[in-house]
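Architecture at a glance
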Amino acid sequence: MATTDNEHSEHYQQHQGHPLLHENTTTPRFKTYPMRFLVLAVFSFFSLTNAMMWITFSPISTNTTYYYKVDESWVNMLSMVYMIVYIPGIFFASVIVEKFGVRFGLIVGGLLNCAGAWIRCVPNPTVVLLGQIVLSMAQTFVLSTPVKISGNWFPVQERAIATTLGAVSNQIGIMVGFYLSPFLAPAPSDIPRLLLVHAIIASVSTVTIILFIRSSSPPTPPSATALVSEPIPLLPSLKLVFQSFKAIVLMLGFGIVVGVV
C-alpha cells in the first residue's frame, strides 16, 4: 500500500536540523523543477533507441541471412541475446544505479548503447553479435531506471504517468524498429545504411544524456517520500515482490507480451 506525503511528514518532526526544513518550523519544503520533463524525455529517447536496435534484424531476417551469409537461427539469436543478458545483467545494473546514482547509470548505459551500435557497423556476423551483446548490457540500465527517475524527480501525483511514459518509450522503440528496418534496408545491400543510421541516433542519445542529465536528483526533493526513501537490499526486495500477488500478475503479463514479440 502506498504511503502518502502526509504520513511521511510526521517523520520529519524527529529531524529538526534537516536542511530541507524551514528555519523555524518542522514543516518540510519541497519543490518541483521543469527540468524533470527534460530528464524524462532524454531517458525516453535513450530507451527508444535501445529497443529499436534490439529488433533491428527481425523485420528483415531474409535480407540479413543473405547479407551475412548465415541462417535464420543466427538472426533469431541477435534478438534473443537481449533476453539472455537481461537475466544476470539487471541485478548488476540495479546495484550500479542504486550505489552510484541515476545519472551515472544512464551514462554507462548510454555509452554501452553507443558502442554497441557502432560495433554492429562492422560487416562481420560475429562482430554484429558482439554489438548486440553490448546493446543488451545497455538495456539493463534502461529497464532498471524509470521508477528511480519518477521517484527522484516527480511529485507523488505525477509519478504514475512519469513511470508509464518511461516504460512505454521502450515499446514505442520496438514499433519504430519494426517500421524503420524495412524502410531503410529493403534490400540486403542496404543493411550498412540502416546500421549507420542507428549508430548516429544512438550517439545523439548518449550526448543528450551527458549534456542534459546533470544530476541524479534535483537540489530539493519533490515530495516527502523522495526525501525519506531508503534502498531495500536486493534479496529482501525480491522476497517482497514474490509475496505480492499484483507484482506476480504484472510480471506474468509483461513476460507474455515480451515473449510474443
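Residues numbered from 1 in each chain as written. Predicted model: local features only at pLDDT ≥ 70, side-chain atom pairs only at ≥ 80, totals over all residues. Heavy atoms only, no water.

When its secondary structure is counted, the chain shows 12 helices and zero strands. From first element to last, N terminus to C terminus, the chain shows the α and β order α-α-α-α-α-α-α-α-α-α-α-α. For the chain, buried positions account for 43% of its 261 residues. Summarising the internal contacts of the chain: among those between residues at least 6 apart in sequence, 77% fall at separations of at least 24. Roughly 13900 Å² of accessible area belongs to the chain as shown, and the carbon and sulfur atoms make up 70% of that amount. (Helix = DSSP H or I, 4+ residues; strand = E, 2+ residues; numbered from the N terminus. Buried < 20%, exposed > 50% of the residue type's maximum accessible area, 1.4 Å probe, protein only. Contact = heavy atoms within 4.5 Å. Areas by Shrake-Rupley, 256 points an atom, 1.4 Å probe, with all protein chains shown as cover.)

The subject of this paragraph is the side chain of Thr-64. Along the chain, Thr-64 falls in helix 3 (residues 61-68). At 2.8 Å, the side chain of Thr-64 forms a polar contact with the backbone oxygen of Ile-60. When near neighbours in sequence (up to four residues on either side) are disregarded, Thr-64 contacts Phe-57, Lys-69, Val-70, Trp-74, Val-75 and Ile-191. (Polar contact = N/O pair within 3.5 Å; in protein donor to acceptor, adjacent residues only side chain to side chain.)

Turning to helix 7 (residues 146-153), a few remarks are in order. What sets the pattern is the α-helix's 3.6 residues per turn: residues three or four places apart point alike. A large share of helix 7 lies buried, amounting to six of its eight residues. For helix 7, the full list of buried residues reads Pro-146, Ile-149, Ser-150, Gly-151, Asn-152 and Trp-153.

Quick look at the nonpolar core now. For soluble globular proteins, nonpolar side chains are generally found buried alongside one another. If you look at the biggest cluster of nonpolar residues, it comprises 25 residues, and the most contacted ones within it are Met-53, Phe-57, Tyr-68, Trp-74, Tyr-82, Val-128 and Ile-191. The set of elements that each furnish at least two residues to this core consists of helix 2 (35-54), helix 4 (72-100), helix 6 (125-143), helix 8 (156-184) and helix 9 (191-212). Looking at this core, the element that brings in the most residues is helix 4, giving six residues. In this structure, Tyr-82 is in contact with Asn-50, Met-53, Trp-54, Gln-132, Leu-135, Ser-136 and Gln-139, ignoring residues within four places of it in sequence. Judged by nonpolar contacts, the second largest core, of 22 residues, contains Val-39, Phe-141, Trp-153 and Ala-162. (Core = buried A, V, L, I, M, F, W, Y, C linked by side-chain atoms within 4.5 Å.)

So, on to the pattern of salt bridges. Counted under the stated rule, the structure contains three salt bridges. Ionic pairing is found between Arg-36 and Glu-158, a salt bridge with its closest N-O pair at 3.0 Å. Linking Arg-36 in helix 2 with Glu-158 in helix 8, this pair joins segments that are 122 residues apart in sequence. (Salt bridge = Lys/Arg side-chain N within 4 Å of Asp/Glu carboxyl O.)

This part is about the environment of Asp-71. Along the chain, Asp-71 turns up in the loop between helix 3 and helix 4. Separated by 10 residues in sequence, Asp-71 and Ser-61 have C-alpha atoms that sit 9.2 Å apart. Within the local environment of Asp-71, its side chain forms a polar contact with the side chain of Ser-73, the two groups lying 2.6 Å apart.

Under the definition given, this model contains six aromatic pairs. These aromatic residues form a ring-pair network of at least three members: Phe-57, Tyr-67, Tyr-68 and Trp-74. (Phe/Tyr/Trp six-rings, centres within 6.5 Å; stacked < 30°, edge-to-face > 60°.)

Of note, Asn-50 is situated in helix 2. Asn-50 sits in the buried class, given a relative accessible area of 1%. Ignoring anything within four residues of it in the chain, the contact list for Asn-50 reads Tyr-82, Asn-113, Leu-135, Ala-138, Gln-139 and Val-142.

Read these as spatial facts, not as claims about activity.
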